[in-house]
Amino acid sequence: MPERLTEMLMDTWTPLIILWITVLPSIYMAPMNQSQVLPSGSSTGLKRLNEEQRVLHRSKRGWVWNQMFVLEEFSGPEPILVGRLHTDLDPGSSKIKYILSGDGAGTIFVINDKTGDIHAMKRLDREEKAEYTLTAQAVDRDTNQPLEPPSEFIIKVQDINDNAPEFVEGPYHATVPEMSVVGTFVTKVTATDADDPVYGNSAKLVYSILEGQPYFSIEPHTAIIKTALPNMDREAKEEYFVVIQAKDMGGHMGGLSGTTTVTITLSDVNDNPPKFAQSLYHFSVMEDVALGEPIGRVKANDLDIGENAKSSYDIIEGDGMDVFEITTDAQTQDGIIRVRKPLDFETKKSYTLKVEAANIHIDPRFLSGGPFKDTATVKIVVEDADEPPVFSSPTYLLEVHENAALNSVLGQVTAHDPDVSSSPIRFSIDRHTDLERQFNINAEDGKITLATPLDRETSTWHNITIVATETRNHSQVSRVPVAIKVLDVNDNAPEFASEHEAFLCENGKPGQVIQIVSAVDKDDPKNGHYFLYSLLPEMVNNPNFTIKKNEDNTLSILAKHSGFSRQKQEVYLLPIVISDSGTPPMSSTGTLTIRVCGCSSDGTVQSCNAEAYVLPIGLSMGALIAILACIILLLVIVVLFVTLRRHKNEPLIIKDDEDVRENIIRYDDEGGGEEDTEAFDIATLQNPDGINGFLPRLPGHCRNESAGITS
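Residues numbered from 1 in each chain as written. Predicted model: local features only at pLDDT ≥ 70, side-chain atom pairs only at ≥ 80, totals over all residues. Heavy atoms only, no water.

With an unreviewed UniProt entry as reference, the protein chain is termed Cadherin-8 isoform X2, source organism Geospiza fortis.

Structural data, given as structure tokens:
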């Protein structure tokens, strides 16, 4: 409709405008079309135009001579006249030719080369291109010679309201806390208009709400959205759909508009207390439930969400505050009730608790709305379960003497069925704890008896396990440890701690301590060991030795006299009786061997053998052995030497059938006389192996030069 109206106006007024521009170019330069007629560029034309400008000067609006205007989006049956170029050199003849060049010349803008009229051939869009720079020149039509310098001018496209506002960033999303006061900022929207913001009101926008009232409002010029109603409750309505309109032309009629949507969500605040779904909860639990096991759940609902809906649970009253506990499930926000202590149906069959749920995060603004907590009652019924037998004691300690008779009773264990319908109990021994089967138990009354003899010295403690089983339900079993201590009796005689052998010096003095002996006893008396030492009755009057009891429970052996001799008697045997202080006392006899030895002046034992007595004083046994070894070695060397000598002289033995005269020495006087003689053995002639050999002269042979016989 606006476009059609514009076309009608242009069709009506175009002839008048052309006439007005052609006839009265110098009388009136209208502000609405102030640059439609331009001189072509001569100095004369410019001067005239400036003079006219001074005459018709208006104080409020300056005139720009080198601009033309054309309305955008204008279209008609004929090209649009933009303006006319004119030069003072034009006398009205047809010798002047106008030429146009620059932006859009020849395509968008066409000039009549005779009249200088400029027409727009196409519909123009200011948003596509707002102005065009062109150059005009007047030339001689015949010679094409310029009549004046070229003049540059601008054709501006005048804006019309042909673009509606747009919300480029829409649609929008915003949040605002629930229960906000009126006027709380929500968000801000922005629309843009492609029309000229400095020309008219085409781009002057005004905002309004089409949908979303009365909950929200918008500032008309800043587009700031605010809350318009108090106490908007998220729990009642969480999301609002708001439609915003932006209208140009300052919001007046005929303006164009654009819309966008804003989705506004109310964020949660803690304005609601937790509330139990029911005021009374009932739970039942078996008495044998394991500690820490959950027995039930309670739930306090909260209309809020997130952190504002979190609650903590607590038991604030009841007869089971120390028996049960309640914790919060972080995922479901349930209160989980658990068992803290063992339950016993026979002792207490039910409990009553009062639990409380309270918000963790509280908003101080809503404290006046009441306490953000709630309570509920929980009743818990304990149900009977078939429980295993219960021993009268968690452990048992029994004592028995090691000489106890077989089948004697060592002690007794007792157990009972804690259930209302009590079941008889049978007892047994876990044989994995009594592999040698040293004990037995009466299955009916739990009396433990001895099956095999005990020996404290072998094992002082025996640890066995007694099993109690219900006769009506064999799966109900209990176990208890029993420690049996074996008590000592005096059944072991004392004896020497080790085999002793004493040494007595021949030059010893009377009363000298020969040896200190000690005794041991496998028994373990309460007050420690105390031994009695004595000699055999027949040795009491021993003339050589005596004994003395020491305070440390040991015994000293002393010599009665001096002058002991190894040749007279080398070894003495001294029997000693050792008795303990037990009841009855036990004793044993140990024999001490005493050797008479030769000692140095300081009492160091040197030799205890009788044969060594004949050795010179100061000659030790080691020296004697070394001498004997040297003698034996010399004897061996002599025997070997004799044997080898006889072996080498064997061929020189004269046989019975040989003539002694064959053993004759021949002399060769040709050389050096008697000194140049050589003896030959006749056996060499008889030994074929020695034909080519030469027997050297044996050492030790003596030569008798006078007789000529070797011996």
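Still more ground to cover, so stick around.
Chemist: Any chance you could explain the environment of Asp-334 here in plain terms?
Modeler: With respect to the helices, strands and loops of the structure, Asp-334 is situated in strand 21 (residues 334-339). With 23 residues separating them along the chain, Asp-334 and Ser-311 place their C-alpha atoms 8.8 Å apart. Beyond its immediate sequence surroundings of up to four residues, Asp-334 is in contact with Arg-297, Val-298, Lys-299, Tyr-313, Thr-327, Thr-328 and Asp-329. Among the polar contacts listed, one links the side chain of Asp-334 to the side chain of Thr-332, at a separation of 3.2 Å. (Helix = DSSP H or I, 4+ residues; strand = E, 2+ residues; numbered from the N terminus. Contact = heavy atoms within 4.5 Å. Polar contact = N/O pair within 3.5 Å; in protein donor to acceptor, adjacent residues only side chain to side chain.)

Chemist: Looking at this structure, how should I read the pattern of salt bridges?
Modeler: Once their charged atoms are close, side chains differing in charge can pair, the charge on each being opposite to the other. Scanning all chains against the criterion turns up 20 salt bridges. When the shortest N-O distance is used, the salt bridge between Arg-234 and Asp-268 registers 3.0 Å. Pair noted here: Arg-234 is in the loop between strand 13 (224-227) and strand 14 (239-247) and Asp-268 is in the loop between strand 15 (257-267) and strand 16 (275-276), with a separation of 34 residues, a long-range link. Residue Asp-268 is classed as buried on the basis of its relative accessible area of 16%. Through salt bridges with shared partners, a single network forms among Arg-234, Glu-235, Glu-238 and Asp-268. (Salt bridge = Lys/Arg side-chain N within 4 Å of Asp/Glu carboxyl O. Buried < 20%, exposed > 50% of the residue type's maximum accessible area, 1.4 Å probe, protein only.)

Chemist: Honestly, the state of the cysteines in this entry has me stumped. Any pointers?
Modeler: As used in these notes, a disulfide is a covalent bond between sulfur atoms, one from each of two cysteines. On inspection of all chains with the given rule, the structure shows two disulfides. In this model Cys-505 forms its disulfide with Cys-599; the gap between the sulfur atoms is 2.0 Å. On the sign convention where negative means left-handed, the S-S torsion of about -85° between Cys-505 and Cys-599 marks this disulfide as left-handed. You can see Cys-505 sitting in strand 34 (residues 501-505) and its partner Cys-599 sitting in strand 41 (residues 587-599), a full 94 residues away along the chain. A relative accessible area of 10% places Cys-505 in the buried class. The partner cysteine of Cys-597 in its disulfide is Cys-608, sulfur to sulfur 1.7 Å. In this structure the cystine formed by Cys-597 and Cys-608 twists about its S-S bond by roughly 100°; its chirality is therefore right-handed. (Disulfide = S-S within 2.5 Å.)

Chemist: Help me out: how do you make sense of the sheet that holds strand 32 (residues 477-487) in this one?
Modeler: Strand pairs in the sheet, formed through backbone hydrogen bonds, run parallel or antiparallel to each other. Taken in spatial order, the four strands of this open sheet run 25-32-31-28, and their pairing is mixed. The sheet is open, and its two edges are formed by strand 25 (396-401) and strand 28 (425-429), each paired on a single side. Along the sheet, successive strands turn relative to each other by an average axial angle of 30°, direction set aside. Examined bridge by bridge, strand 28 and strand 31 (residues 461-470) share five bridges and lie antiparallel to one another. Considered in strand 31, the bridge of Ser-428 is made with Val-467. (Pairing = 2+ DSSP bridges. Axes fitted to C-alpha atoms, helices over the stretch in contact; angles between N-to-C directions.)

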